[in-house]
Amino acid sequence: MSKTDPVIIIVEDEMAIRQFLRTALRLQGYSVFEADTGQRGLIEIGTRKPDLLILDLGLPDMDGAEVIKAIRAWSTLPIIVLSARNQERQKVDALDLGADDYLTKPFGIDELIARIRVALRHANRKEQSISNDVLVTGGLTVDLSKRLVSVDGREIALTPIQYRLLAVLAKNAGKVMTHRQIMKEVWGPPYLDNVHYIRMYMSQLRHKLEIDPAKPQYLVTESGLGYRLKINDI
Amino acid sequence: MNLERPDPDQLLARVERDAAKAKRGRLKIFFGAAAGVGKTYAMLLAARERRAENLDVIVGVVETHGRQDTAALLNGLEQLPTRQINYRGNVLHEFDIDAALKRRPALILVDELAHTNVPGSRHPKRWQDIQELLEAGIDVYTALNVQHLESLNDDISQISGIRVWETVPDTVFEEADEVELVDLPPDELLTRLKEGKVYIPQQVELAMRSFFRKGNLIALRELALRQTANRVDADMLDYREDHAIREVWQVGERILVCIGPNMLAERLVRAGKRLAAGLRADWMVAYVETPKLARLPAEKRDAVLRILRLAEQLGAETVTLSSPDMSEAIIRFARARNINKIVVGKPSRRGWKRWLLGSVVDVLISHAHNINIYLLGSRQQREDDVLEIVESSLFKKPPPPGLRQRIPPRLQKRYRGYVWAVAVTIISTLFGHLMFGRLELANLVMVFLLGVVYIAMRFGRGPSILASLLGVGMIDVLFVRPYFSLTVADSQYLITFAVMLIVGVVISNLMINVRAQAKVAAHRERRAAVLYAVSKELATSQTEQDIVTIAVKHLYAEFSSPNVILFPDTAGHLLYPRQPGLSQSLRGADLSVAQWVFDHNEMAGQGTYTLPGAAAIYFPVSDADKVLGVLALLPVNLRRVFLPEQQKLLETFLRQIAQALLRIRFSEQAKLTQMQIEAERLRNSLLSAISHDLRTPLASIVGSASTLAANENQMSSQDRRELSLAIVDEAERMTNLVNNILDMARLDAGIAELNKQWYPVEEIVGVVLSRLHKRLADRPVDVCIAPDVPMLHVDAVMIEQVLINLLENATRYTPTGSALEIRAETFENNIEISVSDHGPGIPKGLEEKLFEKFYQVRHETAQSGVGLGLAICRAIVEVHGGTIRGKNQPEGGAVFTVTLPNEPMPPQFSAEP
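Residues numbered from 1 in each chain as written. Chains lettered and ligands numbered in written order. Predicted model: local features only at pLDDT ≥ 70, side-chain atom pairs only at ≥ 80, totals over all residues.

**Things to note about the overall build of chain B**
Formally: Under the DSSP-based scheme used, a helix requires at least four consecutive residues in state H or I and a strand at least two consecutive residues in state E, with every element numbered from the N terminus. The exposure label follows from counting other C-beta atoms within 10 Å of a residue's C-beta, where the C-beta atoms are placed from the backbone and the thresholds are 20 or more for buried and 12 or fewer for exposed, leaving partly exposed in between. Contacts here follow a simple rule: the backbone-placed C-beta atoms of the two residues must lie within 7 Å.
Counting its secondary structure elements, chain B contains 29 helices and 25 strands. Out of the 913 residues belonging to chain B, those deemed buried represent 33%. Across chain B, every contact between residues at least 6 apart in sequence was considered, and the portion connecting residues at least 24 apart equals 69%.

What follows is the structure, encoded as structure tokens:
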């Protein structure tokens, strides 16, 4: 473990899961610390200065949402939440509260590692300020400073809302954006309950950007949660 | 030796009666002939004795009338504070029943059973308060004078000349557990009176002249003694019944009291009651409404109604018969109900009228052979005296504003009759003029008679009399010598005149009766139709809400009164309905009154004896002893609710409503049981399926993993990789399996909440395809979504699951590499999404079976899945109000089609600027 290895904290009460995560993540070159309760997790986060947190939503001592709230009060630390299948509500809450990504148990380790990479990169980019304002994934290019969108070199004309929607996803490329977050960014708070607005505009965007809107390559739906702009390494 | 053992049913009834009595408090009445005999004194003495036995005795209310020795007895007894009521400027002290119920003593003293409470109290009468105390299991001591007994009221007013208005139903007296006679010879009572021990001196003089005459007192004493003796007799009979002593009286006595709309009615009822009590017989009171009586003014009909309610209060069953022939109706009813004694008033027609027109009594006597008939003479008053209307205010409340009955425009109609009478006479005259000379005079008269008959038939008596008069006049003036003069030369024509008049009157009378009959028949028919409609609608109702809606509408239509049905929560507290009301619904029912009705299974509110101050009437909706809810009805017109036939109708309504409610509840219960059985069966098959399907992948995982663990060093990296991948694959299979089982369980339990939102179909398909991209990697999937398909209003996660299951099935049962199609189209009001393949298709006859739980086409371990996939699809689609079916395509391969209803309002988008 070198000093520059990214530090990951796992807060999870199941021993077996902690164990396999620890093994797999260490093999990938991360330094891993563990906690089996929310309280212990918060203490670990305070002392270890981690680069990323993997948080299980079903903790014995406190609600995962509370842990996220507590962290978000003072840190922008990337958080990936792990949830069981019947915890849809908690998942949405966690993402709305500022968790960066989620995985539903059971999951493959490849998937987790990909998510960790996206989250870390996103965090880095935020630190470097938004100088690098051009997003390229596959044939899609979104130039946020020039407000230009092109697919396979062909420039695409978008309406203002379509563009704003795409821009929000592009700024958070690779990350899940919940409906609520998208709404707030694109329309502002008054429309929070009209999720179908997003779906409508998303459908328009797909028709303009995707080869087959029913098999989207870039604008992926996270069922029941929101959308994600897919980038190459996922 | 036990020849006369009690009938088991009777015995059971006795036991039930005793059990009910045991729960109730015991009532002891201190009974006396007149005020001043020392009832209160005796009552207090007895109470003190109970107190000395350490019983929890309190004094609810006791009137000492300023008598010192009585007041002295109150010392040492706990007294309940009275309720102070401001009534018309005076402060009145009333017995506080709520405080008494709250205090819950073992024994409470409530003096003056016959007392009338101040208007606005819960019950109008004190005896009703006492009933409630007894219901609550509290013993009560009370005092009563003989003149307050309902059935004796009339006799006593005859003896004493003073009518007492405060009366107590005999049933209260009869049902008392103990009656103690407090007796004082008249002379002693008079002495006490003179000594000022009964009334304050100023009143003594007046009292002695009016009520406290010696003759009066003797008569009253006799009545009191006799009443007590009757009770002892009744006790004796009970005792005999208990001890299987053979009955000596004639069994099955049934008495029918027939009343009319006259002064005699009330006395007849009281007499009937006494007779019935003496014979321990069932008794009924019948009122026959002939067409003539149906035309009586409303006040008279209300008075009859009042008498019928008095009879009910005295324990009679009442019935209103509708028939043109009074005696026939009575006899028919008497035969039907096995009546063997009839009580009627003396014939009202006397002398020649009776001889000519007959009397009901005479017909009764000649036709009712096995029935004894009792006649009751009227007093000096005129026979058709209007009844005194005591509770007239009850029925005379003005209807709420805007609902006043309109005066029908009958005047005009009647006027028209007279015009017609003139017209018909003119026509007859013209005809007579044309035919004069060619026809005999007798035939001309016939023409006129025809006109009179016509008028009588169409317009009734008045116009027919006019027509006969005019006709006779015309004949006389025009066709009878001397012409153009009213003088009649031949006295024969007087007969013509008389016959025409009589024919006119007779026919019009007949017609009036026929019409009234027709009206009654129409009314009955309408009622039958209403009942039929209600029962038909109730029979087809599926939910409690349906029943309430039907009931409220029909009750409103029938009684033109807004109404509402209240149901209790699980704790038995009535609640306002949660559903929005109908236009016919009553708003603002008084829950406290309704709760009382619900708890006591008795009606209350306006026009009843409990809480008459309430605006609405509250009826329990009950079946047998179980109260299901309470109907609150705001009467527009009390008569519309309390007329006997209307009440019967309402009762029938209530019974039907209760039965419909019970039916729904039972069927819900049955459904629940059925579901439990189903769930049990499912659980069993699930367990056996799971144990097989879980074990197979587990076996492979355990095997692979243990191989890896044991032989780590000897294995090639290729082998290790293969084993690891096998573990991953099998684990994923198990995951799917477990997910399916959990989904099914959630859908079955009904806990899966629908999170319905608007989604474009392509988004749902997109999610499904990306979720399955690994499985579908080697297959071409053709997606075709028609451009006119609107957004779906669904729970996307669930519908995605449907498509995932359908696609997984397709990949499982079709050759690798074969193409799949997903199609979405609109058909009329439905959206169809189909998944089709090019595999072997669905085996014949299994199209429906496929959707059953745990059904698998081929039982091969390699294609496990517990057979839940399609069952889940069906469950999900059905909660969305859609259908799913599978069939084979003509060109080969299976197609599964999900049909979802197109929701009426697709979301509107504001156009983007």
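**So, the overall build of chain A**
Along the backbone of chain A there are 8 helices and 12 strands. Taking all 234 residues of chain A together, 37% fall into the buried category. Of the contacts made within chain A by residues no fewer than 6 positions apart, 59% connect residues no fewer than 24 positions apart.

**Notes on the sheet that holds strand β22 (residues 820-827) of chain B**
What holds strands together in a sheet is hydrogen bonding between their backbones, with the strands either parallel or antiparallel. All names here are of chain B. The condition that has to hold: Pairing between strands requires that DSSP locate at least two bridges from one strand to the other. Here an axis means a line fitted to C-alpha atoms, over the contact stretch when the element is a helix, while the angle between two N-to-C directions is reported on a 0 to 180 degree scale.
Taken in spatial order, the 5 strands line up as β20-β22-β23-β25-β24 in an open sheet, and their pairing is mixed. Only two strands of the sheet have a single partner each, and these edge strands are β20 (781-785) and β24 (883-888). Averaged over all pairs of adjacent strands, the angle between their axes in this sheet comes to 15 degrees, without regard to strand direction. Sheet topology note: the β20/β22 ladder contains 5 bridges and is parallel. Residue pairing in the sheet places D782 in a bridge with E821 of β22.

**As for the sheet that holds strand β9 (residues 254-259) of chain B**
All names here are of chain B. If you walk across this open sheet you meet the 5 strands as β11-β10-β9-β12-β13, and the pairing is parallel. This sheet does not close on itself; its edge strands, each paired only once, are β11 (317-322) and β13 (372-376). Averaged over all pairs of adjacent strands, the angle between strand axes in this sheet comes to 25 degrees, irrespective of strand direction. For strand β12 (residues 341-345) and β13, the ladder comprises 5 bridges, and the chain directions are parallel. The residue of β13 that forms the bridge with I342 is I373. Where helix α14 (residues 326-336) meets the sheet, its contacts fall on β9, β10 (282-289), β11 and β12, and the angle it forms with β10 comes to roughly 150 degrees.

**Examining the interface of chain B and chain A**
Rules: Amino acids outside the nonpolar list (Ala, Val, Leu, Ile, Met, Phe, Trp, Tyr, Cys, Pro) and the charged list (Asp, Glu, Lys, Arg) are all regarded as polar, and Gly is one of them.
At the junction of the two partners, chain B supplies 23 residues and chain A supplies 18 residues. Those elements that provide at least two residues to the side of chain B that touches chain A are α26 (717-749), β19 (757-759), α27 (761-771), β20 and α28 (796-813) of chain B. In terms of residue count, α27(B) provides more of the side of chain B that touches chain A than any other element does, 7 residues in total. Partitioned by chemical class, the residues of the side of chain B that touches chain A number 14 nonpolar, 5 polar and 4 charged.

**A look at the pairing of strand β6 (residues 134-137) of chain A**
Residues and elements named next belong to chain A. For β6 and strand β7 (residues 140-143), the ladder comprises 4 bridges, and the chain directions are antiparallel. Among the inter-strand pairings, V134 is bridged to a residue of β7, identified as D143. Between β6 and β7, which follow one another and run antiparallel, lie 2 residues, and G138 among them has a positive phi close to 55 degrees.

**Description of the packing of helix α21 (residues 492-540) of chain B against helix α22 (residues 544-559) of chain B**
All names here are of chain B. What counts here: Any angle that is under 35 degrees is reported as roughly parallel, and any over 145 degrees as roughly antiparallel; angles of 65 to 115 degrees are reported as roughly perpendicular and all others as oblique.
Taken N-terminus to C-terminus, the directions of α21 and α22 make an angle of 170 degrees; their axes are 10 Å apart at the nearest point. The orientation of α21 with respect to α22, classified from their angle, is roughly antiparallel. Every residue of α22 that contacts α21 at V530, V534, E537 and L538 is listed here: I547, I550, H554 and E558. When the residues that make up the contact of α21 with α22 are grouped by side-chain class, the tally is 5 nonpolar, 1 polar and 2 charged.

**Here we look at the nonpolar core**
Condition: Only buried Ala, Val, Leu, Ile, Met, Phe, Trp, Tyr and Cys residues enter a nonpolar core, and they are joined through C-beta atoms within 7 Å.
Membership of the largest hydrophobic core comes to 81 residues, with the highest contact counts inside it found for V630(B) and A632(B). For A632(B), the contacting residues outside a window of four places in its chain are N563(B), V564(B), L566(B), L586(B), A589(B), A594(B), A616(B) and Y618(B). Judged by nonpolar contacts, the second largest core, of 58 residues, contains V81(A), L95(A), L166(A) and I231(A).

**Observations regarding the confidence of the model for chain B**
Residue and element names in this part refer to chain B. Convention followed: A residue's pLDDT is the confidence the predictor assigns to it, expressed on a 0 to 100 scale.
Of all residues in chain B, 85% attain a pLDDT of 70 or more, and the chain-wide mean is 79. The model gives residues 380-409 a pLDDT under 50, and that stretch makes 29 contacts with residues more than four places away or in other chains. Within the model, pLDDT remains below 50 along residues 858-865, and this stretch shows 7 contacts once partners closer than five positions in the same chain are excluded. This prediction of the complex comes with two scores: 0.45 for pTM and 0.83 for ipTM.

**Some thoughts on the packing of α28(B) against helix α29 (residues 869-879) of chain B**
Residue and element names in this part refer to chain B. Test applied: Each crossing is labelled by how the near helix is turned from the far one, with a counterclockwise turn of less than a right angle marking it left-handed and a clockwise turn marking it right-handed.
For the pair α28 and α29, interaxial distance at closest approach is 9 Å and the crossing angle is 150 degrees. In terms of axis orientation, α28 runs roughly antiparallel to α29. As for how α28 packs across α29, the hand of that crossing is left-handed. When α28 is examined against α29, the residues M798, I799, Q801, V802, N805, L806, E808 and N809 are found in contact with a partner set consisting of G869, L870, I872, C873, I876 and V877. Partitioning the contact of α28 with α29 into residue classes produces 9 nonpolar, 4 polar and 1 charged.

**So, unusual backbone geometry**
Residue and element names in this part refer to chain A. Following K105, the chain continues into P106 via a peptide bond in cis, with omega recorded as -5 degrees. Structurally, the position occupied by P106 is in the loop between β5 (101-104) and α5 (109-127). The backbone phi angle of R147 is positive, close to 55 degrees, even though this residue is not glycine. Tracing the sequence through the fold places R147 in the loop between β7 and β8 (148-151). We classify R147 as exposed; it has 11 C-beta atoms within 10 Å.

**Describing the environment of A294(B)**
Residue and element names in this part refer to chain B. The residue A294 is located in helix α12 (residues 291-294) in this model. Separated by 226 residues in sequence, A294 and V520 place their C-alpha atoms 9.4 Å apart. Ignoring any residue separated from it by four or fewer positions in sequence, one finds A294 in contact with E289 and A516.

**Side note on helix α2 (residues 38-48) of chain A**
All names here are of chain A. As a reminder, the rule being used: Arc, as used here, means the arc of the directions from the helix axis to the C-beta atoms.
Among the residues of α2, G38, G41 and I45 are the ones counted as buried. All buried residues of α2 lie within an arc of 55 degrees about the axis, which places them on one face of the element. For α2, the exposed residues set more than 90 degrees away from the buried face come down to I43, G46 and T47.

**A short note on the environment of R720(B)**
Mapped onto the fold, R720(B) is located in helix α26. If near-sequence neighbours (up to four positions away) are discounted, R720(B) is found in contact with L708(B) and M715(B).

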